[in-house]
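Chain by chain, the residues:
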2 protein chains.
Amino acid sequence: MQRNLNSMRIKPPVGSCASGDFLTGHYWALFDGHGGPAAAILAANTLHSCLRRQLEAVVEGLVATRPPMHLSGRCICPSDPQFVEEKGIKAEDLVIGALESAFQECDEVIGRELEASGQVGGCTALVAVSLQGKLYVANAGDSRAILVRRDEIRPLSSEFTPETERQRIQQLAFVYPELLAGEFTRLEFPRRLKGDDLGQKVLFRDHHMRGWSYKRVDKSDLKYPLIHGQGRQARLLGTLAVSRGLGDHQLRVLDTNIQLKPFLLSVPQVTVLDVDQLELQEDDVVVMATDGLWDVLSNEQVAWLVRSFLPGNQEDPHRFLKLAQMLIHSTQGKEDGLTGEGQVSYDDVSVFVIPLHSQGQDSNGP
Amino acid sequence: MQRNLNSMRIKPPVGSCASGDFLTGHYWALFDGHGGPAAAILAANTLHSCLRRQLEAVVEGLVATRPPMHLSGRCICPSDPQFVEEKGIKAEDLVIGALESAFQECDEVIGRELEASGQVGGCTALVAVSLQGKLYVANAGDSRAILVRRDEIRPLSSEFTPETERQRIQQLAFVYPELLAGEFTRLEFPRRLKGDDLGQKVLFRDHHMRGWSYKRVDKSDLKYPLIHGQGRQARLLGTLAVSRGLGDHQLRVLDTNIQLKPFLLSVPQVTVLDVDQLELQEDDVVVMATDGLWDVLSNEQVAWLVRSFLPGNQEDPHRFLKLAQMLIHSTQGKEDGLTGEGQVSYDDVSVFVIPLHSQGQDSNGP
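Residues numbered from 1 in each chain as written. Chains lettered and ligands numbered in written order. Predicted model: local features only at pLDDT ≥ 70, side-chain atom pairs only at ≥ 80, totals over all residues. Heavy atoms only, no water.

(A) Molecular detail of the domain arrangement of chain A. Taken domain by domain, chain A holds domain 1 (2–69 + 89–160 + 266–332 + 347–355) and domain 2 (165–241). Domain 1 of chain A and domain 2 of chain A are separated by 34 Å when their C-alpha centres are compared. (Domains from an automatic or database assignment.)

(B) Quick look at the side chain of Asp 206 of chain B. Residue and element names in this part refer to chain B. As for its placement among the helices and strands, Asp 206 is situated in the loop between strand S8 (201–204) and strand S9 (213–216). For Asp 206, a relative accessible area of 8% corresponds to the buried category. Looking at Asp 206, its side chain comes within polar contact range of the side chain of Arg 186, at 2.6 Å. Beyond its immediate stretch of four places on either side in the chain, Asp 206 contacts Arg 166, Gln 170, Arg 186 and Leu 187. (Helix = DSSP H or I, 4+ residues; strand = E, 2+ residues; numbered from the N terminus. Buried < 20%, exposed > 50% of the residue type's maximum accessible area, 1.4 Å probe, protein only. Polar contact = N/O pair within 3.5 Å; in protein donor to acceptor, adjacent residues only side chain to side chain. Contact = heavy atoms within 4.5 Å.)

(C) Just the environment of His 207 of chain A, in detail. Residues and elements named next belong to chain A. By the element assignment, His 207 lies in the loop between strand S8 (201–204) and strand S9 (213–216). A sequence separation of 37 residues divides His 207 from Gln 170, and the C-alpha atoms of the two residues are 4.9 Å apart. The residues touching His 207, leaving out its near neighbours within four places in the chain, are Gln 167, Gln 170, Gln 171, Phe 174 and Arg 186. At 2.8 Å, the side chain of His 207 forms a polar contact with the side chain of Gln 171.

(D) View of the sheet that holds strand S15 (residues 285–289) of chain B. Residue and element names in this part refer to chain B. Taken in spatial order, the four strands line up as S6-S5-S15-S16 in an open sheet, and their pairing is antiparallel. Of all strands in the sheet, those with a lone pairing partner are strand S6 (152–155) and strand S16 (351–355), marking the two edges. In this sheet, neighbouring strand axes are inclined to one another by 20 degrees on average, regardless of whether the strands run parallel or antiparallel. Packing of helix H7 (residues 299–309) onto the sheet brings it into contact with strand S5 (144–149), S6 and S15, and relative to S5 it is tilted by some 45 degrees. Contacting S15 and S16, helix H8 (residues 319–329) runs over the sheet at an angle of about 145 degrees to S16. (Pairing = 2+ DSSP bridges. Axes fitted to C-alpha atoms, helices over the stretch in contact; angles between N-to-C directions.)

(E) How the structure looks around the relation of the copies chain B and chain A. The two copies are related by a screw motion: chain B maps onto chain A through a turn of 180 degrees and a shift of 0.0 Å along the axis, at an RMSD of 0.0 Å. Given the turn and translation reported, the copies of this chain are related as if by a two-fold rotation axis. Mapped onto chain A, 100% of the interface residues of chain B again fall at the interface, so both copies present the same surface. (Least-squares fit on C-alpha atoms with pLDDT ≥ 70 in both.)

(F) A look at helix H4 (residues 91–117) of chain B. Taking 1.5 Å per residue, 27 residues should reach 39 Å; H4 of chain B reaches 39 Å between its end C-alpha atoms and fits that length. Within two residues after H4 of chain B, Gly 118 of chain B carries a phi angle of roughly 65 degrees, on the positive side. (Expected span 1.5 Å × (residues − 1).)

(G) Expanded view of the pattern of salt bridges. Per the stated rule, a full pass over the model turns up 42 salt bridges over all chains. In this structure, the salt-bridge partner of Asp 284 of chain B is Arg 149 of chain B, at a minimum N-O distance of 3.0 Å. Taken together, the residues Asp 284 of chain B in the loop between strand S14 (269–273) and S15 and Arg 149 of chain B in strand S5 connect sequence positions 135 residues apart. Of the charged contacts, one joins Arg 232 of chain B and Asp 295 of chain B as a salt bridge, the two residues approaching to 3.1 Å between their closest N and O atoms. Taken together, the positions of Arg 232 of chain B in the loop between strand S11 (227–228) and strand S12 (235–236) and Asp 295 of chain B in the loop between helix H6 (291–294) and H7 put the pair 63 residues apart, joining distant regions of the chain. Here the salt bridges do not stand alone but share partners, grouping Lys 87 of chain A together with Arg 166, Glu 188 and Arg 205 of chain B into one network. (Salt bridge = Lys/Arg side-chain N within 4 Å of Asp/Glu carboxyl O.)

(H) Quick look at the nonpolar core. Phe 31 and Leu 99 of chain B are the most contacted members of the largest nonpolar core, which has 54 residues in total. Broken down by secondary-structure element, the contributors of at least two residues to this core are S8 of chain A together with strand S1 (2–10), strand S2 (23–34), helix H1 (38–56), helix H2 (59–62), H4, strand S3 (122–131) and strand S4 (134–140) of chain B. Apart from residues lying up to four places away in sequence, Leu 99 of chain B is in contact with Leu 51, Val 127, Val 129, Tyr 136, Ala 138, Pro 268 and Val 270 of chain B. (Core = buried A, V, L, I, M, F, W, Y, C linked by side-chain atoms within 4.5 Å.)

(I) Spatial organisation of the confidence of the model for chain A. Residues and elements named next belong to chain A. Taken residue by residue, chain A gives an average pLDDT of 91. The fraction at 70 or more is 92%. The low-confidence segment residues 15–20, where pLDDT is below 50, has seven contacts with residues more than four positions distant or belonging to other chains. Predicted confidence is poor over residues 360–364, with pLDDT under 50, and the contacts of this stretch with residues over four places away or in other chains come to 16 contacts. Overall fold confidence (pTM) sits at 0.91, and the ipTM for the predicted complex is 0.90. (pLDDT = per-residue confidence, 0-100.)

(J) Representation of the environment of Leu 126 of chain B in the model. All names here are of chain B. On the secondary structure map, Leu 126 appears in strand S3. Remark: the alpha-carbon pair of Leu 126 and His 249, spanning 123 residues in sequence, is separated by 19 Å. Ignoring anything within four residues of it in the chain, the contact list for Leu 126 reads Trp 28, Ala 29, Leu 30, Val 137, Ala 138, Asn 139, Ser 143, Arg 144, Ala 145, Ser 157, Met 288 and Ala 289.

(K) Broad picture of the sheet that holds strand S6 (residues 152–155) of chain A. Residues and elements named next belong to chain A. Pairing is antiparallel across the open sheet formed by four strands, whose spatial order is S6-S5-S15-S16. Each edge of the open sheet is held by one strand with a lone partner, namely S6 and strand S16 (351–355). On average, each strand axis in the sheet is tilted by 20 degrees relative to the strand beside it, whichever way the strands run. Strands in contact with helix H7 (residues 299–309) are strand S5 (144–149), S6 and strand S15 (285–289); relative to S5, the strand with the most contacts, it is inclined by about 45 degrees. Of the strands in this sheet, S15 and S16 touch helix H8 (residues 319–329), which is tilted by about 145 degrees from S16.

Below is the structure:
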């Protein structure tokens, strides 16, 4: 597992018509590796550079309320501003686009580096960027970020797993059946079928279905399922618990030539929190953590811990760091005097607590 | 444009172990045709039969709280109920699955019939089914259903157009570039590019992007866009304003061999309204209408018209029919004394008003 906390200065290109000021942002990132640490380390060393490069390429558009159709500023068609207006394109859409492109670029870098060094592995990526009064949360994988305020808990990301992306993954196997090499069945059944089920009518669903139907079991239905297992046990091709992330370019199903990468996306989902529009309180925070935390604590439990801890420690300059440490402790089965339930996470856990009130000045995470 | 209003009796299969009772439901459907009426007429004559057949095939599962893993009722694996429970499968998921399968089956029937008769055309489909205390709304296209209550307006469908399904459509063109035959560009730009734009850096987005970025215009960017236009003017391949529906099997881009059908889905999105859980008032209704209504009236305006009309007409047994007629009149630019704004829809308009309080007894639509 790797984490990053950076300030980021985004400078306009030399000789550009934009003002010479730097844009300054802050960047937090969690990378939860699998199949070895190589991809997570590469991502931690690379993604912020990719993002800065992508942001620098569009910085002239960023400083405008609405980005110009032409980056040169030269208006070729008099109706350009009207078209940009009709599409509803705002400066924040350029940051979203930069995050999407940066994840893809970083994934390509990781693929080249892994191949060159003979290493393997992949990682999830959860990134928060504070820029121009907004917090952008980009997520590819099963980490999670939530906003916790006195009267509000707001999810800032959703998880991408074989279960949540079932239809996308089944759809790909439908379009490219050769990706399953005749070894897996695309269909979902409530459990893995056995010889006894042959000829019976059983519940199933295919790529186009959100509901369920019945089909008569034939021999091909007895193959191992493309997506198998429930909740934390759900696996893609019996191998991987996440469906988005970076790396895994060489990953294959054990003892086969079947590749995982075609089913994985490196593109994140990006949500935007308009921090400037919130009436911020001293104790409003964003909690970012890997799945190890959320496996044992719900959003509500984390919010309860945040609200129990922060008000009594307002004089402590390290209270956000201590809160992050306390959140981790509360996944280790120790009596913490708050939950007293002793949940245990057998996964490793990484947490950032980002205070929004003094954004970026005091945040930290163990 | 075609519409349907049916009662539907779903009988268990002969010799089945389920009770001999019929399940009785009600069915409303709107089909908005394009390229001629043939597909809409076929859909109006066919879809309810497909749905009844699909429901009859799963009726034993429908009458259980949780459908059994095996339709025969024979439990082959003792943990079957547990797996069904873990997947969260409920009887309503079988109705959703039946609707999804019925739309697909109906689309195949329409394809065969159109080809056999040398006819062409397609249609949208919006279907509401009242069954076992729930209202299922299945939508493929740009019609819309909303729930209107005294204190609530709830959308029961969302529209499927080239704009709302941009990423799915661009993704397909990315995977199968041959579908564009070198004549169209997959990329989205705020406006169609011209020779003057060559070499400039302009706003664009590709299939993986929700945000926007800049690229330098090359010659291939000057091609006609896969999706072009804004709002009601948006077209797929310059031809079609909807991205889901039935029919269109033969539809091609004018003067080319480029097919539209690979980009279209017949599968509907299904939402479920748990009518039995609502504390129903006399004037709670569902309004279903084709895009001609929603082009000129917002959900809020329709709700305002409903709430203005119904309370003063509670003794009139035909008040729901009259309300539907009034909604249509209010799109014809006539002073109706309610909106007084005289909006005009140049499209044809069909409306159902479904009273939930006496579900199915009194509903009607012009």
